[in-house]
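Chain by chain, the residues run as shown.
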Amino acid sequence: MESFNKHAPCEDKNCSFCCNPVKINQRAIVNGLELPKDKNGGDLWKERDEIISPEGMEEKVRVATFDCINYDKNTGKCLDYENRPDLCRGTSCIKDEKGDTDKQHKDFTEIKFTKLK
């Protein structure tokens with residue numbers, strides 16, 4: 001897969017919503033999404049024993065959570081941001097770069113989750 005970078009305000013806004021914890025729709029995992037590996041081929045993400053769902057979507061959406069070994073809990077930053085996997089590079093809270101990116105970021109990061117497991 002060719003590397004790419006979607007516009008995301010992670011560093012600009014000092015935001016770690018997507019990786020604290022990493023949230024992946026269970027449907028993507030069931031459909032064969034390959035989870036990223038570190039440079040030695042080991043698991044980059046460690047699965048938590050937790051399933052969450054966006055509030056109001058509990059019957060439709062199940063989200064598995066993971067801890068990323070490159071996430072620094074003290075600073076809220078990725079320890080290897082420049083070499084992050086394509087899955088991380090392709091993730092963004094911004095859907096329309098010509099729209100109000102501050103509002104899009106705010107709306108996305110204010111999603112509340114219900115713990116199902």
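Note: the structure precedes this text.
A.B. asks: Give a description of unusual backbone geometry that names residues and reports values.
C.D. replies: Leaving glycine out, the prevailing phi sign among residues is negative, and the prevailing peptide bond configuration is trans. Cis geometry marks the peptide bond from asparagine 20 to proline 21; its omega dihedral reads 0°. Unusually for a residue other than glycine, asparagine 14 sits at a positive phi of about 50°. Within the secondary structure, asparagine 14 is located in the segment before strand S1 (22–25).

A.B. asks: Can you explain the environment of alanine 8? Please cite residues and give values.
C.D. replies: If you trace the backbone, alanine 8 turns up in the segment before S1. Linking alanine 8 and arginine 62, residues 54 residues apart in sequence, is a C-alpha distance of 24 Å. The contacts of alanine 8, once residues within four sequence positions are left out, are Thr91 and Ser92.

A.B. asks: Now, about the state of the cysteines: what can you tell me, with residues and values included?
C.D. replies: Throughout the structure, instances matching the rule amount to 0 disulfides. Here cysteine 19 is not disulfide-linked; the sulfur of cysteine 68 is the nearest cysteine sulfur, at 6.8 Å. Taking the relative accessible area as the measure of exposure, cysteine 19 reaches 26% and is therefore partly exposed. No disulfide involves cysteine 78; its nearest neighbouring cysteine sulfur is the one of cysteine 68, lying 5.9 Å away.

A.B. asks: With reference to specific residues and values, describe the pattern of salt bridges.
C.D. replies: Summed over the entire model, instances satisfying the criterion amount to 8 salt bridges. The salt bridge partner of aspartate 67 is arginine 48, with a shortest N-O separation of 2.9 Å. Placement of aspartate 67 in strand S3 (residues 63–68) and of arginine 48 in strand S2 (residues 45–54) is noted, with a sequence separation of 19 residues between them. Under the relative-accessibility criterion, aspartate 67 is labelled partly exposed at 28%. For arginine 48, a relative accessible area of 28% puts it in the partly exposed group. When salt bridges that share partners are traced, they join Arg48, Glu50, Asp67 and Lys115 into one network.

Parameters at a glance
Residues numbered from 1 in each chain as written. Predicted model: local features only at pLDDT ≥ 70, side-chain atom pairs only at ≥ 80, totals over all residues. Heavy atoms only, no water. Helix = DSSP H or I, 4+ residues; strand = E, 2+ residues; numbered from the N terminus. Contact = heavy atoms within 4.5 Å. Disulfide = S-S within 2.5 Å. Buried < 20%, exposed > 50% of the residue type's maximum accessible area, 1.4 Å probe, protein only. Salt bridge = Lys/Arg side-chain N within 4 Å of Asp/Glu carboxyl O.

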